[in-house]
Amino acid sequence: MAGEAPELSAQERAGKAFPVSWDQFHRDCRALTWRLNEVGPFHAVIAITRGGLVPAAIVARELGVRIIDTVCIASYDHDKQGELQVLKGMSEAAMKLGGGTGKGLLIVDDLVDTGKTGRLVRDMLPDAHFATVYAKPKGRPLVDTFITEVSQDTWIFFPWDTALSYHPPLRDGAA
Ligand SMILES: O=P(O)(O)OC[C@H]1O[C@H](OP(=O)(O)OP(=O)(O)O)[C@H](O)[C@@H]1O
Ligand SMILES: Nc1nc2[nH]cnc2c(=O)[nH]1
Ligand SMILES: [Mg+2]
């Protein structure tokens, strides 16, 4: 409506930025695997796409797991959260491996924020182990294992969404 302030995106509301490099992300995924190694073994890794694909590949490699399936969920359109949409569920083969409840399966995502995505997947696979690399306080209770907690007002920038660019010096007004 005319005159109304434009709705802020989740990223704008977050305020603080937490940029993560490929190197940092790889190290954090390896650290996550150290913890998961104490919990497994796992029959299969279930990646929540798309953000879970990269950590799932690294974790599966480190754990020696070769069966990887996806649950395809869309919620944030760039940075605004809309209705959750399950675009693709798990395969029957992976569901069988988890005995129908997810027992012995490892669900991997890059992060939990509000926890809505995590809640949906937990409801699908209540006995699976849910791991994320990063967690914000609202979503944290849903996660079994994670590496780094960031505050709710932080937006995490992943290396696949960013590029190196010029940054002006502080004295020229850079934030
Ligand atoms: O805890 P929540 O508030 O539900 O947010 C967390 C989800 O948001 C992001 O996915 P997104 O829907 O942006 O899709 P993408 O993985 O394809 O980037 C992220 O990868 C998590 O899956
Ligand atoms: N890249 C990114 N996606 C998100 N989806 C929900 N929260 C976040 C976040 O902090 N960073
Ligand atoms: Mg995601």
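Residues numbered from 1 in each chain as written. Chains lettered and ligands numbered in written order. Predicted model: local features only at pLDDT ≥ 70, side-chain atom pairs only at ≥ 80, totals over all residues. Heavy atoms only, no water.

As annotated in an unreviewed UniProt entry, the protein chain carries the name Xanthine-guanine phosphoribosyltransferase and comes from Bradyrhizobium japonicum. Word for word, the UniProt comment on the protein chain under Subunit (unreviewed entry) is "Homotetramer." (UniProt positions renumbered as here; feature names shortened; annotations may be inferred.)

## Regarding the side chain of Asp-69
Structurally, Asp-69 can be placed in strand E3 (residues 68-77). Classification of Asp-69 by relative accessible area gives buried; the value is 10%. Separated by 2.7 Å, the side chain of Asp-69 and the backbone nitrogen of Ser-91 make a polar contact. With residues up to four places along the chain from it excluded, the contact list for Asp-69 reads Val-45, Ile-46, Ala-47, Lys-88, Met-90, Ser-91 and Ala-94. (Helix = DSSP H or I, 4+ residues; strand = E, 2+ residues; numbered from the N terminus. Buried < 20%, exposed > 50% of the residue type's maximum accessible area, 1.4 Å probe, protein only. Polar contact = N/O pair within 3.5 Å; in protein donor to acceptor, adjacent residues only side chain to side chain. Contact = heavy atoms within 4.5 Å.)

## Some words on the nonpolar core
Within the largest apolar cluster, 23 residues are counted, with the highest numbers of intra-cluster contacts made by Phe-25, Leu-32, Leu-36, Val-45, Leu-106, Tyr-134 and Ile-156. Going through the elements one at a time, helix H2 (22-37), strand E2 (44-49), helix H3 (53-63), strand E5 (105-112) and strand E6 (129-135) are the ones with two or more residues in this core. Ranked by size, the runner-up nonpolar core spans 17 residues in total, among them Ile-48, Met-90, Ile-107 and Val-112. (Core = buried A, V, L, I, M, F, W, Y, C linked by side-chain atoms within 4.5 Å.)

## Quick notes on the site of ligand 2
Residues in contact with ligand 2, as listed here, are Tyr-76, Leu-111, Asp-113, Lys-136, Thr-154, Trp-155, Ile-156 and Phe-158. Lys-136 is positioned with one of its side-chain polar atoms (N or O) 2.8 Å from an oxygen atom of ligand 2. Ile-156 places a polar main-chain atom, nitrogen or oxygen, 2.7 Å from a nitrogen atom of ligand 2. Considering each element in turn, the shell around ligand 2 owes the most residues, 3 residues, to strand E8 (residues 154-157). The class makeup of the residues in the shell around ligand 2 is 5 nonpolar, 1 polar and 2 charged. (Near = heavy atom within 4 Å. Nonpolar A, V, L, I, M, F, W, Y, C, P; charged D, E, K, R; others polar.)

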